[in-house]
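As a plain string of letters, each chain reads:
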Amino acid sequence: MAGKEATVYIVDLGRSMAEKRHGRDQTDLDWALEYVWDKITNTVATGRKSALMSVIGCRTDETDLAGLIDVLEGYENLHVFSELKQYLLSDIRKLQEHLHPSKTNDGDLLSAVALAVQMIDRATAGKNGKPLKYDRKVIIVTDGRGEMDMGDLEEISAKIQHPDAPIEITLLGVDFDDLESGYKEEDKDAHKAENEHRLKVVVESCDGIVGTLAEAVDQLAIPRLKEVRPTPSFRGALTLGDPEIYDSTISIDVERYPCTMLAKPPTASSFAMRTDVGTAGPSAQPSNIIVGEDHPMSDLSAVRNQRVYQVDNLDEPGTKKNVEQDELEKGFEYGRTAVHISESDMNVVKLETQAFLSIIGFVKAEEFERYLPLSRSNFIVPQKANQPAQLGLSSFIHALYESECYAVARLVTKELKPPVIILLVPRIEVDAGWETLVDVELPFEEDMRRYKFPPLDRKLTVSGKVIHEHKDLPTQDLTNAMSAYVDAMDLSTFGRDDDGNPAEYAKPEDTYSPIVHRINHIIRWRATHPDPTLPIPDPPAILTQFAHPPPSRISSSSTHLDALKQASKVSKVPPKVKGRGKRNRAERDKPLSGLDIDALLGNPKKVDIDKANLIPSFKQALLASDDLDTIRAAASAMGSEIKALVKNSVGDSGYGRALEAMRVMREELVELEEPEEYNKFVRELKKELLAGQLGGNRREMWWKVRGSRYGLVDRKRSFVSDVSEEEAAEFYRS
Amino acid sequence: MADAQDNRPGEDEEEEEEIDDSAYKTMKDAVLFAIDVSPTMLERPPKSEDKKAERDSATSAALKCAYQLMQQRIISNPNDMMGILLFGTEQTDLKDGDSMFQHCYLLADLDVPSAQDVKRLRGLVENEEEAEQILKPAKDGASIATVLFCANQIFTTKAPNFSSRRLFLVTDNDYPVRVKADKDTAVTRARDLYDLGCTIDLFPITQPDHSFDRSRFYDDLVYPTSPSDPDAPVAVPSTTKIAKSGEGITLLKQLLSSINSKATPRRALFTLPLELGPDLKIGVKGYILIKRQEHVKSCYVWVGGEKPQIVSSSTSHMADDTARVVEKLELRKAYKFGGDAITFTPDEIIKIRQAFGDPVIRIIGFKPISCLPIWTNTNKATFIYPSEADYIGSTRVFSALQQKLLESKKMALVWFIARRNASPTLCALIPAQEKINEDGEQTMPPGMWLIPLPFADDLRQFPEQAGDVLKTTDELTDKMRIIIEQLQLPKGVYDPVKYPNPDLQWFYRILQAMALEEELPDQPDDKTVPRFKQIDKRCGEYIANYGKEFAVAFDQVAKSTLSHRGRATGKHASVDPEDAPAPKRVKKEPKVKEENGDDDMTDEQMATIYGKGQLSKQTVVVLKSFLQQRSQATSGKKADLVERVQDYLESKAT
């Protein structure tokens, strides 16, 4: 976590910044602002009150020193846009109005620096005038085409390097020559060359950094990582044996810190569009409305969740009654039985535990199944400055490492927390010079779902025979092609380290969370681009870098890929032919024996809908004949039964059956390409439900139909339907 | 309808954007046990001196099995339904006064089990007299067609829209009809069930004098795959083993194992293309096979009536300014930024989240599996298995890939988007071999696992230690190695089956006792506690040796860094050099870490404050840090902290 900071940006707004140079399609100022806005919005996004900033415009048309300095001479054409403060969205909006090229080239950059220093000095001093602990920064962006007065330089420089309040100066030059990157501007005019030289001398004399804007803008693409101060989740002894009972035990004082922790993108909250804009006076506004100053976001209103509590009404089965919140107490469900436990007794269901970390036994690293761990990982390190603990843990880490074993231990992080079983793994980082145990949680018995899947390297027949040649098993050709392809696409030495040596490609430390940075990026983008008609930009390339195999690896292994395609003979299943149309009894699923049941029953031509056996009889009726009249008759009988279910339902007791019947009816009729039959029924049903013609108020049933999406079958679902998607959507709404 | 348990009054909710695997969980299952009650099913095995010998009749073994399953499902699938139907009983009772289904007795109606159901079933399992009253076979038995139609009615009315509905049929009679016409009726009733979307799972029992032959009757009734759910995975093509009465392993165990082998995931978590390279895709499905099982969350109970009742709650959104009810469609998402809100239209939100392309598992390349150290773990793994539904030939290509990766000890690096709106992640795709136990049962399926990898954003800094850190000596490491070799778990592997979750087990034991209004148990059964006795027996000596070597090593390494030692050692070190020469004594008294920092209080200081009655004058920060360093809970209000400090000091004083 960062401490307090004070940053002043000096932005050169001179007329020369309005030029587009060296074939760029944006002005020098717009280019520079890319950098400045990125820095500013990044800071605003942290929401930190202790991150103060200000922006000073240099070579501006107006002069405004915000009362920092009394004399005006030498400080003309400088504009202080705000005091040093925490920037908010409204400040960004205000600033946007100011950051445009001026009509002048007058204004002294060094005076602006003096102003910035003065400003920081004032804002970061304590009550007694002594400087407080702050990170002080001045960031200058300029094209180096202005005038500069080199007087007072020493005084400013001394102030910047003041041991109690040093200021870090960074100067980013537009098209400055740079030895390191080898950049040299062609046809540079002499005045700029002179300025570049002078600025370098000035900044370097203050121990500051000079860089090119090009470099800085490039750097922006690399997402910034948020640093988090490590906080221990456990402090205590790692023991082997029970020290309370036995003499020979080992106990090492350790602390446990996070090693991996998923970074989360910022979360959005829900708001309602306000309906009363312009009617409610300021005094009527509740405090938690988001009030923007004068921009379009003030039409949002916070959303409150209203809850209704209900229990089954035992006096009238099938109905519910509302109950008051103060009649509610805590409890648990055991099956469908409510077990009431008063607040004071809540602890009885908790296992009593003490903080605890003790070894259960050891396992072989080789045998360990990598898919078992189900948590993030943690470091386990010796207690700070405890030398015996350091030695003890080091011997444990090395012994595990040498014997190629992991330890299994029981961990309770705190009193009354549930125990977990963890795996302790040695990690020795020779280059970085540290060693540690790493732990991950292991599953308990209840966490394993023992589902069975058929073997992949052989086929079993029903009679129990083992087959090794089958369409589901790879041929030797396929096996060879796969092997060659996998080897050709190896990435373990495809990357390059900092020194350009072959290294692993896409190591975790080189990859950035796409969603975290995407959302952060887009929020910051919107902050400086409030125009709602602008299209949302694509994510930065660095976030999609690993979405595809590296192109050069693909091209180098293309012959292997072709061979693999040849050998695998994979074909896409054609999109399901919509509706099976006529169906055939012979295609029906048969029992294990293969018995033809319809034949057994003499292939009846007509099956009646049986309300006691509704769904099966409906399916069988449709199968009995492909004659349209039969289908219509079945559908109409089914429809009547569904309505009867609703009509005779006590409370909501019949709704479930009715809905299931609707699902089957809808599915079957779509498959038979007779969606109109269903649509006719569901239109009627809706009308009767809402008109209360099915035994009283059945609005609840309508909501359920809507919630299950059992409405009209539209053209998307069945191409023979004459209902458009809009009409189907409208059907749910009204 | 809203789920009662995750809605609590007054709790502020911020909507999660990520859809988790909740849809996966809500696939509800209804199981109806149909247990045959006939003279042969009720016949008890001959008495035997052998403790392992069979004691239960087939019917009672089936009931015990149902009882165990019921308790297990309350824990693992609290929303699933279960019912028990006895057939062939003298009595007819379907709890609705109807006697249409002759000789069918509904012991527990198909529903989420209640405490009463559990109690009743246990009574029947444990109390023979009670059992005998019900378990009286009718002279002619029940017609199997009647049983099937009865099941049809029960499923239709009690679990109309459950996507998984299964009839578990337990019987020893492989030809339960007399004339062919009766068989035809049964066959049609079985097909009705199939058309309804229900599965018949047969659990046949072979009696000593008669072996069960499926082909005589039941192969005409049972259908090969689950009819209702297209997302259900391919079933293992094996029919249930026939349980044999009177063999070494008890009938109950055989039945339980058969039922467990029927456990198939009810639905895939996702169905996605696995892209091996440009234009080479196969189909796979993902399943969650390892997931932390949590106990039910607390819910609200209405205590205003005679009996406590479960409360369901529903939420509506209200605009804060006008108290107007807001429809979901009217809600807008906004991000807090610079003291204000940044909004996007729903369309824009979609563009932001879905900017990374379609859901896919795309192979980027391959690496040795050693590039996947355990510290890179961030979350649970997801199992994937091939599916021919979208690409023909998927299974053989998947198999070739799996075998190649196994053979070369490699993994694939993949770009993974689980579903629309899901965040893209990078994962390691690793192969897994099928594992089979001694009985020939599969314990781990063959396939591949997706293991999520961390991004740079997810990596935390190593907490660097100040100054030089002592390193071990070779001699000391060797002494520790001996201990490690002595304390290997069986076969050197961690087997989760041996470690039930003590917290979960305790929770349900207590809850069950409370629900059944019984006495609460007082002793938890915690299999995760290390076996200290065994450790001492096997390793006591080696630990003592380690202790001796530790003293030597410490002198050696600490000397070289003497100038850095500070005040770290002394009394509070756990493995104390001064103390080590005393044989068989490596460990000091429980320690208080005074050395933790200059501001921290010692026990004595805190005790003095307590003595003066000024404990409550301490700040929360002081109390919390005091408690935290002693591994005590730091939750609650200040009064709780004060109380906890008192308790701690008093426990130390005695």
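Cut-offs applied
- Residues numbered from 1 in each chain as written.
- Chains lettered and ligands numbered in written order.
- Predicted model: local features only at pLDDT ≥ 70, side-chain atom pairs only at ≥ 80, totals over all residues.
- Heavy atoms only, no water.
- UniProt positions renumbered as here; feature names shortened; annotations may be inferred.
- Helix = DSSP H or I, 4+ residues; strand = E, 2+ residues; numbered from the N terminus.
- Contact = heavy atoms within 4.5 Å.
- Phe/Tyr/Trp six-rings, centres within 6.5 Å; stacked < 30°, edge-to-face > 60°.
- Buried < 20%, exposed > 50% of the residue type's maximum accessible area, 1.4 Å probe, protein only.
- Lys NZ or Arg CZ within 6 Å of the ring centre and 35° of its normal.
- Polar contact = N/O pair within 3.5 Å; in protein donor to acceptor, adjacent residues only side chain to side chain.
- Axes fitted to C-alpha atoms, helices over the stretch in contact; angles between N-to-C directions.
- Parallel < 35°, antiparallel > 145°, perpendicular 65-115°, else oblique.
- Left-handed = near helix turned anticlockwise from the far one by under 90°.
- Nonpolar A, V, L, I, M, F, W, Y, C, P; charged D, E, K, R; others polar.
- Pairing = 2+ DSSP bridges.
- Salt bridge = Lys/Arg side-chain N within 4 Å of Asp/Glu carboxyl O.
- Buried area = accessible area lost by both parts, 1.4 Å probe.
- Expected span 1.5 Å × (residues − 1).

As annotated in an unreviewed UniProt entry, chain B carries the name ATP-dependent DNA helicase II subunit 1 and comes from Setomelanomma holmii. The UniProt entry for chain B carries this comment under Sequence similarities (unreviewed entry): "Belongs to the ku70 family." In its Catalytic activity (unreviewed entry) section, the UniProt entry covering chain B states "ATP + H2O = ADP + phosphate + H(+)".

The name recorded for chain A in an unreviewed UniProt entry is ATP-dependent DNA helicase II subunit 2, from Setomelanomma holmii. The Catalytic activity (unreviewed entry) comment attached to chain A in UniProt states, word for word, "ATP + H2O = ADP + phosphate + H(+)". According to its UniProt record, chain A has this under Sequence similarities (unreviewed entry): "Belongs to the ku80 family."

Visitor: Which parts of the structure should I look at to understand the UniProt feature "domain: SAP" (unreviewed entry) in chain B?
Guide: With numbering matched to this structure, UniProt assigns "domain: SAP" (unreviewed entry) to residues 615-649 of chain B. Regarding residues 615-649 of chain B, the helix share stands at 63% and the strand share at 0%, and the terminal C-alpha atoms are separated by 11 Å.

Visitor: When you look at the side chain of His398(A) in this model, what are you seeing that I'm missing?
Guide: Secondary-structure assignment places His398(A) in helix α7 (residues 387-403). The contact partners of His398(A), leaving out residues within four places of it in the chain, are Ile428(A), Glu435(A), Thr472(B) and Thr477(B).

Visitor: Got a minute to help me understand the packing of aromatic side chains in this structure?
Guide: We describe a pair of aromatic rings using the distance from one ring centre to the other and the angle between the two ring planes. Scanning the entire structure with this criterion turns up 34 aromatic pairs over all chains. Taken together, a centroid distance of 5.9 Å and an interplanar angle of 80° make the contact between Phe368(A) and Tyr406(A) edge-to-face. Here Tyr406(A) lies in strand β17 (residues 405-412) and Phe368(A) lies in the loop between β15 (356-364) and β16 (378-382), a separation of 38 residues in the sequence. With relative accessibility at 12%, the residue Phe368(A) sits in the buried group. Its relative accessible area of 15% is what places Tyr406(A) among the buried residues. With a centroid separation of 5.6 Å and an interplanar angle of 85°, the aromatic rings of Trp702(A) and Phe731(A) are classed as edge-to-face. Taken as a pair, Trp702(A) in helix α18 (residues 699-708) and Phe731(A) in helix α19 (residues 725-733) lie far apart in primary sequence, 29 residues in all. A relative accessible area of 4% places Trp702(A) in the buried class. Put simply, the rings of Tyr371(A), Phe453(A), Tyr287(B), Phe383(B), Tyr385(B) and Trp449(B) pair up and form one aromatic cluster. Over the ring of Tyr87(A) we find Lys85(A), and its NZ or CZ is 6.0 Å from the ring centre. Seen from the ring of Phe356(A), Arg410(A) lies directly overhead, with NZ or CZ sitting 4.8 Å from the centre.

Visitor: Please clarify how the environment of Asp213(B) should be interpreted in this entry.
Guide: Residues and elements named next belong to chain B. Relative to the assigned elements, Asp213 resides in the loop between β5 (198-206) and β6 (243-244). Counting along the chain gives 39 residues from Asp213 to Asp174, while the straight-line C-alpha distance between them is 5.9 Å. There is a polar contact of 2.7 Å between the side chain of Asp213 and the side chain of Ser215.

Visitor: Quick question: what am I supposed to make of the packing of helix α14 (residues 614-624) of chain A against helix α15 (residues 628-647) of chain A here?
Guide: Helix-helix packing: each pair is described by the crossing angle between the helix axes and the interaxial distance. All names here are of chain A. The interhelical angle for the contact between α14 and α15, taken along N-to-C directions, is 165°, at an axis separation of 9 Å. With respect to α15, the element α14 is oriented roughly antiparallel. Helix-helix and strand crossings are classified by hand; for α14 and α15 the assignment is left-handed. Contacts between α14 and α15 involve Leu614, Phe618, Ala621 and Leu622 from the former and Thr630, Ile631, Ala634, Ala635, Met638, Glu641 and Leu645 from the latter. Looking at the contact of α14 with α15 residue by residue, the class counts come to nine nonpolar, one polar and one charged.

Visitor: Explain the sheet that holds strand β19 (residues 425-432) of chain B to me, please; I cannot follow it from the model alone.
Guide: Consider a sheet: its strands pair through backbone hydrogen bonds, and that pairing is either parallel or antiparallel. What the seven strands build is a closed barrel, ordered β7-β8-β16-β22-β19-β18-β15 (chain B); its pairing is mixed. Strand after strand, the sheet turns through a mean of 40° between neighbouring axes, direction not considered. Two elements, strand β8 (residues 280-287) of chain B and strand β16 (residues 382-386) of chain B, share four bridges in a ladder whose sense is antiparallel. Residue pairing for β16(B): Lys285(B) is matched across the bridge by Tyr385(B). Helix α8 (residues 476-488) of chain A contacts β7 (270-277), β15 (360-368) and β18 (410-417) of chain B of the sheet and is inclined by roughly 80° relative to β7(B). Helix α12 (residues 558-568) of chain A contacts β7 and β8 of chain B of the sheet and is inclined by roughly 70° relative to β8(B).

Visitor: Please clarify how the pattern of salt bridges should be interpreted in this entry.
Guide: Pairing between side chains becomes possible if they bear opposite charge and their charged atoms approach one another. Residues and elements named next belong to chain A. The full count for this structure, using the stated rule, is 66 salt bridges over all chains. Lys471 is the partner of Asp472 in a salt bridge, and the nearest nitrogen-oxygen pair spans 3.3 Å. On the basis of relative accessible area, Asp472 is assigned to the buried category, the value being 10%. Between Glu688 and Lys643 there is a salt bridge, with its nearest N and O atoms 3.5 Å apart. In this pair, Glu688 sits in helix α17 (residues 675-690) while Lys643 sits in helix α15, placing the two residues 45 residues apart along the sequence.

Visitor: Help me out: how do you make sense of the interface of chain B and chain A in this one?
Guide: Listed per partner, the contact involves 264 residues of chain B and 241 residues of chain A. Interface area for chain B against chain A, summed over the two sides, is near 23900 Å², with a carbon-plus-sulfur share of 61%. Applying the counting criterion to the chain B and chain A interface returns 15 salt bridges. In this structure, Lys367(B) engages Glu504(A) in a salt bridge whose closest nitrogen and oxygen atoms are separated by 2.7 Å. At the junction of chain B with chain A, the criterion picks out 90 residue pairs in polar contact (both at pLDDT 80 or more). It is helix α13 (residues 532-560) of chain B that provides the largest number of residues to the side of chain B that touches chain A, a total of 13 residues. Looking at the side of chain B that touches chain A residue by residue, the classes come out as 134 nonpolar, 63 polar and 67 charged. For strand β24 (residues 571-572) of chain A and strand β17 (residues 391-392) of chain B, the ladder comprises two bridges, and the chain directions are antiparallel. By the bridge assignment for β17(B), Lys572(A) is matched with Tyr391(B).

Visitor: Quick question: what am I supposed to make of the pairing of strand β9 (residues 299-302) of chain B here?
Guide: On a regular strand, each side chain points to the face opposite its neighbour's, so the side chains alternate between the two faces of the sheet. Summarising the sheet, strand β13 (residues 328-334) of chain A and β9(B) pair through four bridges and their orientation is antiparallel. When the sheet's bridge partners are listed, Glu329(A) is paired in β9(B) with Val301(B). The loop that links β9(B) with its antiparallel partner strand β10 (residues 309-310) of chain B comprises six residues.

Visitor: What should I look at first to understand the sheet that holds β9(B) in this one?
Guide: With respect to topology, four strands assemble into an open sheet ordered β14(A)-β13(A)-β9(B)-β10(B), the strand pairing being antiparallel. Among the strands making up the open sheet, the edge pair consists of β14 (337-340) of chain A together with β10 of chain B. Helix α12 (residues 502-515) of chain B contacts β13 and β14 of chain A of the sheet and is inclined by roughly 110° relative to β13(A).

Visitor: I'm lost on helix α9 (residues 514-528) of chain A in this one. Help?
Guide: Owing to its 3.6 residues per turn, the α-helix brings residues three or four apart onto one side. The terminal C-alpha atoms of α9(A), which comprises 15 residues, lie 21 Å apart, in line with the 21 Å expected from a rise of 1.5 Å per residue. When you tally the buried positions in α9(A), you get 13 out of 15 residues, the bulk of the element.

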